[in-house]
Amino acid sequence: MSYPPCPQCNSEYVYPEQNNLICPECAHEWNPDTVNEDDIINVKDANGTLLADGDKVTVAKDLKIKGSSQVIKIGTKALIRRVLDKKDHELDCKLDGVGEMMVTAKFVKKA
């Protein structure tokens with residue numbers, strides 16, 4: 001039986017428990033019959049555009065990487081793998097020339 005993906009992290013590894021569905025990746029529980037608008041994550045870029053999984057973005061300013069002397073230059077392209085509901089570093093991205101990294105949404109622009 002196929003279940004809908006998790007509304008928070010879009011994981012396909014969802015399993016049922018009584019009337020709810022549970023995501024093992026982010027531990028989100030929801031009733032598939034009543035999906036609220038609160039479950040949808042709203043993350044905006046530097047220009048106020050809503051971002052979603054799979055969007056392509058560019059870095060809006062030079063960013064220093066914590067614990068490293070490396071810098072992510074302005075204009076570096078990235079692919080958003082997941083949008084997370086966190087206070088800081090909402091985007092799980094794959095950055096060109098840098099690798100996979102968590103980035104704060106206010107420092108990128110949708111391409």
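About the thresholds
Sequence order as written defines residue numbering, which begins from 1 separately in each chain. With the structure being a predicted model, the display of local features is reserved for residues of pLDDT at least 70 and the display and counting of side-chain atom pairs for 80 or more, all residues being used for whole-chain, interface and lining totals. The basis for the side-chain values is all heavy atoms of the structure; hydrogens and waters are excluded. Definition of nonpolar core: a set of buried residues of the types Ala, Val, Leu, Ile, Met, Phe, Trp, Tyr and Cys, connected through side-chain atoms within 4.5 Å. The classification of residues rests on relative accessible area computed with a 1.4 Å probe and restricted to protein chains. Under 20% of the type maximum is buried, over 50% is exposed, and intermediate values are partly exposed. In this description a helix means any DSSP run of H or I spanning at least four residues, a strand means any run of E spanning at least two, and both kinds are numbered starting from the N terminus. We count a salt bridge whenever a side-chain nitrogen from Lys or Arg sits within 4 Å of a carboxyl oxygen from Asp or Glu. In what follows, a contact means two residues having at least one pair of non-hydrogen atoms within 4.5 Å. Pairing between strands is defined by DSSP: at least two bridges between the two strands are required.

**Q** Would you mind showing me how to read the nonpolar core here?
**A** In terms of nonpolar packing, the biggest core is built from 17 residues, with Leu51, Ile80 and Leu91 touching the most fellow members. Elements that contribute at least two residues to this core include exactly strand S6 (56–59), strand S9 (77–83) and strand S10 (91–95). Cys6, Cys9, Val14 and Cys23 belong to the second-largest nonpolar core, a separate cluster that totals 6 residues.

**Q** How do you make sense of the pattern of salt bridges when you look at a structure like this?
**A** The tally for this structure, following the rule as stated, stands at 5 salt bridges. Between Asp55 and Lys110 there is a salt bridge whose closest N-O contact spans 3.6 Å. One end of the pair, Asp55, is in the loop between strand S5 (50–51) and S6; the other, Lys110, is in strand S12 (residues 108–110), and 55 residues separate them in sequence. Looking at Asp55, the relative accessible area reads 14%, which means it is buried. A relative accessible area of 39% means that Lys110 is categorised as partly exposed. For the salt bridge of Glu100 with Arg81, the shortest nitrogen-to-oxygen distance reads 2.9 Å. Of this pair, Glu100 sits in strand S11 (residues 99–103) while Arg81 sits in strand S9, and the two are 19 residues apart along the sequence. One network of salt bridges, in which partners are shared, links Glu25, Arg81, Arg82, Asp92 and Glu100.

**Q** What should I look at first to understand unusual backbone geometry in this one?
**A** Notably, Asn10 is not glycine yet its phi reads approximately 60 degrees, a positive angle. With respect to the helices, strands and loops of the structure, Asn10 is situated in the segment before strand S1 (15–17). Among the residues examined, Asn10 registers a relative accessible area of 44% and is labelled partly exposed. Backbone geometry places Ala27, a non-glycine residue, at a positive phi of 65 degrees. Relative to the helices and strands, Ala27 resides in the loop between strand S2 (20–22) and strand S3 (29–30).

**Q** Please explain the environment of Arg81 as it appears in this structure.
**A** Relative accessible area serves as the criterion here: at 42%, Arg81 is assigned to the partly exposed category. In this structure the C-alpha to C-alpha distance between Arg81 and Cys93, which are 12 residues apart in sequence, comes to 5.3 Å. Non-local contacts of Arg81, meaning those with residues more than four positions away in its chain, are made with Asp53, Asp92, Cys93, Lys94 and Glu100.

**Q** I tried to follow the pairing of S10 on my own but got confused; where do I start?
**A** One face of the sheet, then the other: side chains in a regular strand alternate in exactly this way. Burial of S10 is extensive: 4 of the 5 residues sit out of reach of the surface. Sheet topology note: the S10/S11 ladder contains 5 bridges and is antiparallel. Of the residues in S11, the one forming a bridge with Leu95 is Gly99. Connecting S10 to the antiparallel partner S11 that follows it, the hairpin turn spans 3 residues, and Gly97 within it adopts a positive phi of roughly 80 degrees.

**Q** What is the right way to read the sheet that holds S1 from this model?
**A** The strands making up a sheet associate through backbone hydrogen bonding, with each pair oriented either parallel or antiparallel. A sheet is described by the order of its strands in space; here 3 strands give the open sequence S1-S2-S3, paired in antiparallel fashion. Pairing within the sheet leaves two strands with one partner each, and these edge strands are S1 and S3. Strand direction decides the pairing type here: S2 and S3, joined by 2 bridges, are antiparallel. Bridge assignment links Ile22 to a residue of S3, and that residue is Glu29.

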